[in-house]
Amino acid sequence: MQPLYNPALVALSVIVAIIASYTALKLAARVARAQGSLGRTWLAGGAAAMGIGIWSMHFIGVLAMTLPIPLSYNIPITIGSLLIAILTSGFAISFVGRPAITLPRFAVSGVVMGMGVTAMHYAGMAAIDITPAIRYDPPLVAASIVIAVSASCVALWLAFHLRGGASRRLALARLAASLVMGLAIAGMHYTGMAAARFARGAVCLGGMTLNNGWLAITIGLIALGLLVLTLVTAVFDAHLESRSRQHAQRLEQINADLHHRAMHDSLTGLPNRLLFMERLHAAIDQARQRLESFAVMVVDLDRFKLINDSLGHGAGDELLLQVAGRIEHALGPDDVAARIGGDEFLLIVRRLSKREVAVQRAAALIELLDRPYLVHGVELHATPSIGISLYPDDATAAAALISHADEAMYGAKQDGRNTFRFFTSGTPVFTPERLQFENDLRRALPAGQFQLHYQPLVSLGSERIVGLEALVRWAHPVNGLIPPDAFIPLAEETGLIVPLGEWVLREAVRQLHQWHARGFGALRVAVNLSATQFRQEDLVAAVGSVLEQYGVPPGCLELELTESAVMSHPQRSAHVLTALQRMGVGIAIDDFGTGYSCLSQLKRLPIRKLKIDRSFICDLGYDADDEAIVQAIVSLARTLRLAVTAEGVESADQLDLLRRLGCGEYQGYYCSRPRPAAEIEPFMRDFNAAASRRAAADGGASGMRGVVAPLALRSG
Ligand code: C2E
Ligand code: MG
Ligand code: MG
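Model, not experiment: these values are computed from the prediction.

Here is what the cut-offs are and how they apply
Counting starts from 1 at the beginning of each chain's written sequence and moves along it residue by residue. By the order in which they are written, chains take letters starting at A while ligands take numbers starting at 1. Residue-level local features of this predicted model are given only where pLDDT is at least 70; pairs of side-chain atoms are given and counted only at 80 or more, and the full residue set underlies all totals for whole chains, interfaces and linings. In computing side-chain values, all of the structure's heavy atoms are included and hydrogens and water are not. Stacked, tilted and edge-to-face are the three classes assigned to paired rings of Phe, Tyr and Trp, where Trp is represented by its six-membered ring and a pair needs centres within 6.5 Å; plane angles under 30 degrees give stacked, over 60 edge-to-face, the rest tilted. Helix and strand assignments follow DSSP, with helices taken as H or I runs no shorter than four residues and strands as E runs no shorter than two, numbered in order from the N terminus. Any residue under 20% of the maximum accessible area for its type is buried, any over 50% is exposed, and the rest in between are partly exposed; the area is computed with a 1.4 Å probe on protein chains only. Metal sites are built from N, O and S donor atoms within 2.8 Å, or 3.2 Å for Na, K and Ca, and they leave out water, so they may look incomplete. Every case where a carboxyl oxygen of Asp or Glu lies within 4 Å of a side-chain nitrogen of Lys or Arg is listed as a salt bridge. DSSP calls a pair of strands paired once it identifies at least 2 bridges connecting them. Consider each residue's heavy atoms; a residue with any of them within 4 Å of a molecule or strand counts as near. Two N or O atoms count as a polar contact when they lie within 3.5 Å, although within protein this holds only if one can serve as hydrogen donor and the other as acceptor, and sequence-adjacent residues are included solely when both atoms are side-chain atoms. Areas reported as accessible are Shrake-Rupley estimates using a 1.4 Å probe. Residue values count occlusion only from the protein chains shown. We call Asp, Glu, Lys and Arg charged. Ala, Val, Leu, Ile, Met, Phe, Trp, Tyr, Cys and Pro are nonpolar, and the rest, Gly among them, are polar. The span expected for a helix works out to 1.5 Å for each residue beyond the first. Contacts were defined at the residue level, with two residues in contact if any of their heavy atoms lie within 4.5 Å. Axis lines are fitted to C-alpha atoms, over the contacting stretch for helices. Their N-to-C directions set the angle, which ranges from 0 to 180 degrees. Boundary definitions for the domains trace back to an automatic or database domain assignment. Within the patch definition used here, like charges are joined within 9 Å and nonpolar side chains (Val, Leu, Ile, Met, Phe, Trp, Tyr) within 5 Å, considering only residues with over 30% relative accessible area and no salt bridge. Nonpolar core, defined: a set of buried Ala, Val, Leu, Ile, Met, Phe, Trp, Tyr and Cys residues in which side-chain atoms within 4.5 Å join the residues together.

Things to note about the packing of aromatic side chains
Per the counting criterion, the structure on display carries 13 aromatic pairs. Measuring from centroid to centroid gives 5.7 Å for W474 and F487, while their planes differ by 80°, and the two rings are edge-to-face. Taken together, the positions of W474 in strand β15 (residues 465-476) and F487 in the loop between β16 (480-482) and α14 (488-494) put the pair 13 residues apart, joining distant regions of the chain. Considering the side-chain rings of Y666 and Y670, the 6.4 Å spacing of their centres and the 45° angle between planes classify their relative orientation as tilted. Summarising the burial analysis for this pair, Y666 and Y670 share the class buried.

Okay, here's the thing in structure tokens:
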């Protein structure tokens with residue numbers, strides 16, 4: 001009994017084989033790039049798609065054969081042959097996904113895969129319920145095995161070498177390879193079929209006969225559909241993957257820029273105070289270990305203000321650039337120069353075997369800076385006054401070294417400028433005004449002179465006030481209300497910040513408890529923590545006990561920390577922050593973008609929110625750089641699943657832009673200045689009531705709405 005073949009179905013089977021091969025090549029590339037559970041998912045999906053593809057090719061090939069008798073199939077064996085196909089495909093794809101492959105491994109894999117394909121084929125044939133059973137012609141069976149093994153080797157080799165890259169040439173090569181592979185698989189199949197001998201007068205025992213043509217077309221279509229679906233998913237997924245890779249690269253880049261900006265002076269490119277402090281701490285550590293000494297110098301230009309005022313800022317900037325250039329020129333390889341404001345520079349000068357070396361270096365610097373400058377065609381003279389303090393003779397702590405150098409610099413100015421002075425312990429450390437101020441500050445807490453003002457945090461989605469930041473003020477008996485920037489640094493220096501910070505936390509939580517009781521159910525309060533406070537051993541316990549005392553849910557408290565406070569001791573920070581997070585307290589990074597932002601460390605910390613510093617917001621809409629930075633911070637936050645608050649929003653235009661950039665929350669004078677508790681409460685009521693009214697009036701169309709200005713409610 002000689003079988004006949006339906007040419008259309010044969011063609012269909014070859015097409016399925018080619019497309020299955022193409023899918024396999026595409027997936028091999030995908031599996032090679034993916035890792036972890038994603039890789040396993042792709043492997044499983046790919047194996048199923050490719051296995052079903054190869055198996056349908058085979059099954060359509062069998063159905064393409066017509067015998068004078070109707071055929072039926074044993075279902076369990078048929079399913080078994082499908083499983084063999086899937087396992088074999090999984091094996092092949094995972095082989096190709098390996099980073100590197102040795103020749104013996106390659107040969108073994110080719111044989112295993114070839115045997116798998118052969119097993120699938122003959123199992124599929126065994127599923128035909130025919131009596132007497134099919135006999136096989138041994139030389140042709142051997143030929144089919146040889147073809148299967150060599151086709152598998154070729155297929156694995158091609159797939160392994162064509163898996164990476166996305167160039168047009170590779171795509172063409174992949175297309176050609178799938179043609180070769182498809183034809184080879186079909187070749188193996190039809191050789192195997194040719195090996196089959198059907199006995200004359202054989203009959204099919206199975207009760208069910210099928211219409212071969214329709215079954216083949218149905219299986220063919222299902223297989224093709226599946227393969228195409230897999231292909232489209234792989235292509236789409238690869239596209240997404242490459243987009244998110246680009247995105248991550250851009251973020252890293254912007255992060256690096258931010259970092260650089262945060263650490264350097266924008267005019268001269270020299271390190272700024274932040275970076276200088278870092279270097280100074282490092283210098284102290286090193287000098288302590290090696291028993292060396294070094295000098296800190298403060299360089300201030302005499303009469304710079306005069307030049308700036310009379311010749312304009314352009315000339316002033318140009319002069320500063322030239323001065324910075326000369327200072328850099330005068331530095332040794334281990335020295336550091338920073339610009340820390342207007343016309344003031346800070347230097348670390350190392351390798352001082354004795355004091356005289358510092359004298360020589362300072363004298364040389366004066367000589368260099370004293371030479372005339374040519375600025376915008378005009379010859380200028382800008383003489384320096386230099387103050388010097390020595391480690392370890394004058395001080396061993398960074399802050400003291402700088403303040404001593406500073407005092408010595410004032411001494412140099414008094415001594416007639418264009419000169420340098422060393423710090424002498426006779427230099428008065430504190431002016432009487434400062435001493436008075438410090439004494440006042442010490443008395444302020446027991447005297448109850450501190451107050452908290454509250455500034456709203458507004459959700460850009462609901463346009464409601466969802467939180468308040470507590471900001472401390474000092475009601476000085478003589479000088480009136482003093483803003484925090486004027487006394488927090490001194491409080492830090494003197495350690496007063498610790499009791500003050502405790503008071504702020506307690507007062508803010510107490511007030512929040514009252515508001516919760518008065519109907520502001522989910523209101524949050526944000527409290528600023530200084531770096532010193534953050535370093536206190538008992539911080540976590542203190543926060544816990546205050547929350548407990550007033551029965552305030554920890555989720556309603558947010559602690560704001562600056563990047564530098566968090567990053568100065570990343571390990572300890574992670575520990576403390578995790579403890580706070582476990583308690584349920586939220587952590588926000590304050591003034592984000594201005595400090596030491598290290599993305600990889602930030603990622604590891606349990607932070608809830610970033611607050612974009614207001615310096616990036618104030619020029620929003622005018623400065624394209626700022627817009628790019630805000631956009632980058634928002635997408636950074638989205639990647640890290642953090643909330644974002646924009647600080648210092650003063651206009652509807654800024655708000656509109658922030659809304660478009662996808663920012664979640666804002667704070668700023670546009671909504672309200674910080675106000676005392678008694679004032680903020682009615683304000684909050686009115687503001688949120690107005691938001692509710694707008695939402696009700698808008699109905700479902702709120703998504704289409706532009707900026708709704710809370711003008712009627714804004715404070716003056
Ligand atoms: P911050 O935490 O970044 O607080 C925001 C500051 O920006 C507040 O200044 C606020 O009045 C001001 N601000 C808000 N909206 C706008 C706006 O639209 N435009 C402008 N130009 N400014 C706006 P404030 O109250 O003077 O506080 C200054 C800084 O003092 C705070 O910056 C914070 O770092 C620190 N501070 C305030 N209270 C405390 C406290 O209790 N403890 C500690 N450790 N630091 C505090
Ligand atoms: Mg803050
Ligand atoms: Mg801030």
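Having seen the structure, we can now continue with the description.
Looking at the coordination of the magnesium ion (ligand 2)
Note on the magnesium ion (ligand 2): its protein donors are E469 (OE), N528 (OD1), E560 (OE) and D590 (OD). The metal-donor distances range over 1.9 to 2.2 Å. Mapped onto the sequence, the residues coordinating the magnesium ion (ligand 2) show the spacing E-x58-N-x31-E-x29-D. For the pair the magnesium ion (ligand 2) and the magnesium ion (ligand 3), the metal-to-metal distance amounts to 4.1 Å, and D590 bridges them. With E560 in strand β18 (residues 557-562) and D590 in strand β19 (residues 586-592), the pair connects residues that are 30 residues apart, well separated along the chain.

Some words on the pattern of salt bridges
Enumeration over the complete set of coordinates arrives at 24 salt bridges. Two residues, K611 and E469, come together in a salt bridge whose shortest N-O distance is 2.8 Å. With K611 in strand β20 (residues 609-612) and E469 in strand β15, this residue pair connects regions lying 142 residues apart in the sequence. Its relative accessible area of 0% is what places K611 among the buried residues. For E469, a relative accessible area of 4% corresponds to the buried category. The structure contains a network of salt bridges with shared partners spanning R524, E558, R608, K609 and E665.

Remarks on the pairing of β19
Most of β19 is tucked away: six of the seven residues are buried. Sheet topology places β18 next to β19; five bridges connect them, and they run parallel. The partner of L559 across the bridge, within β19, is I587.

Quick word on the site of ligand 1
Around ligand 1 lies a shell of 24 residues, among which R473, D590, R614, E650 and Y669 are the nearest. Between ligand 1 and E469 there is a distance of 2.9 Å, counted from an oxygen atom to a side-chain nitrogen or oxygen. Measuring from an oxygen atom of ligand 1, one finds a side-chain N or O atom of R473 at 2.8 Å. Look at ligand 1: alone it shows 800 Å² of surface, and the protein chains cover 86% of it. Looking at the shell around ligand 1, the elements with two or more residues in it are β15 and β19. The element contributing the most residues to the shell around ligand 1 is β15, with four residues. Of the residues in the shell around ligand 1, the class split is nine nonpolar, six polar and nine charged.

A short note on helix α10 (residues 313-330)
Spacing of three or four residues puts side chains on the same side of an α-helix, whose turn is 3.6 residues. Between the first and last C-alpha of α10 there are 26 Å, a value that for 18 residues agrees with the 26 Å anticipated at 1.5 Å per step. Among all positions of α10, only A315, G316, L319, L320, V323, A324, R326 and I327 are buried. Where the residues of α10 are buried, they touch β7 (294-301), α9 (304-311), β8 (336-341), β9 (344-349), α11 (355-370) and β10 (373-375).

A few points about the environment of S389
Inspection of the secondary structure assignment puts S389 in strand β12 (residues 384-391). Judged by its relative accessible area of 0%, S389 is buried. As for S389 and R421, which are separated by 32 residues in sequence, their C-alpha atoms are 8.9 Å apart. For S389, the contacting residues outside a window of four places in its chain are F294, A295, V296, D394, L401, H404, A405 and F423. Separated by 2.7 Å, the side chain of S389 and the backbone oxygen of L401 make a polar contact.

Let's talk about the sheet that holds strand β13 (residues 420-422)
Reading across from one edge, β8-β9-β7-β12-β13 is the order of the five strands in this open sheet, with mixed pairing throughout. Of all the strands in the sheet, just β8 and β13 have a single pairing partner and so form its edges. Shown here is a sheet whose adjacent strand axes are inclined to one another by a mean of 20°, direction ignored. Relative to β9, β7 runs antiparallel, the two being bridged by six bridges. Directly across from M297, in β9, lies its bridge partner L347.

Quick word on the coordination of the magnesium ion (ligand 3)
Bound to the magnesium ion (ligand 3) are the protein donor atoms D590 (OD), D591 (OD), E647 (OE) and E647 (OE), situated 2.0 to 2.6 Å from the metal. Positions of the donor residues of the magnesium ion (ligand 3), expressed as sequence spacing, correspond to D-D-x55-E.

A look at the domain arrangement of the protein
When cut into domains, the protein gives domain 1 (4-227), domain 2 (273-424) and domain 3 (447-715). Centre-to-centre separation of domain 2 and domain 3, based on C-alpha positions: 38 Å.

Focus on unusual backbone geometry
The residue after Y391, namely P392, is reached through a cis peptide bond having omega 0°. You will see that H376, though not glycine, has its phi angle at about 50°, which is positive. Relative to the helices and strands, H376 resides in the loop between β10 and β11 (378-380).

A look at the environment of R473
Residue position: R473 is located in strand β15. For the pair formed by R473 and F487, sequence separation is 14 residues and the distance between their alpha carbons is 9.2 Å. For R473, the contacting residues outside a window of four places in its chain are Q449, F450, Q451, H453, L481, I482, P484, F487 and P674.

Regarding the pairing of strand β17 (residues 524-528)
One face of the sheet, then the other: side chains in a regular strand alternate in exactly this way. Where burial is concerned, most of β17 is hidden: four out of the five residues are buried. Bridge count between β15 and β17: four bridges; the pairing is parallel. Within the sheet, the bridge partner assigned to A470 lies in β17 and is V527. Where β17 and β18 come together, four bridges link them in parallel fashion. Bridge assignment links V527 to a residue of β18, and that residue is L559.

Comments concerning a nonpolar patch on the surface
Together, V154, L179, V180 and L183 give the surface a local cluster of nonpolar side chains, amounting to about 330 Å² of exposed area. A total of three residues in the nonpolar patch trace back to one element, the largest contributor, which is helix α6 (residues 168-195).

Some thoughts on the nonpolar core
By size, the foremost hydrophobic cluster in this structure holds 88 residues, and its most contacted members are Y454, L557 and L559. Examining the composition of this core, we find that nine residues originate from one element, helix α15 (residues 497-517), more than from any other. When sequence neighbours within four positions are dropped, the list of residues in contact with L557 reads L505, V509, V525, V527, V543, L547, V585 and G586. Among the nonpolar cores identified, the runner-up in size contains 59 residues, and V96, M120, M125 and I130 belong to it.

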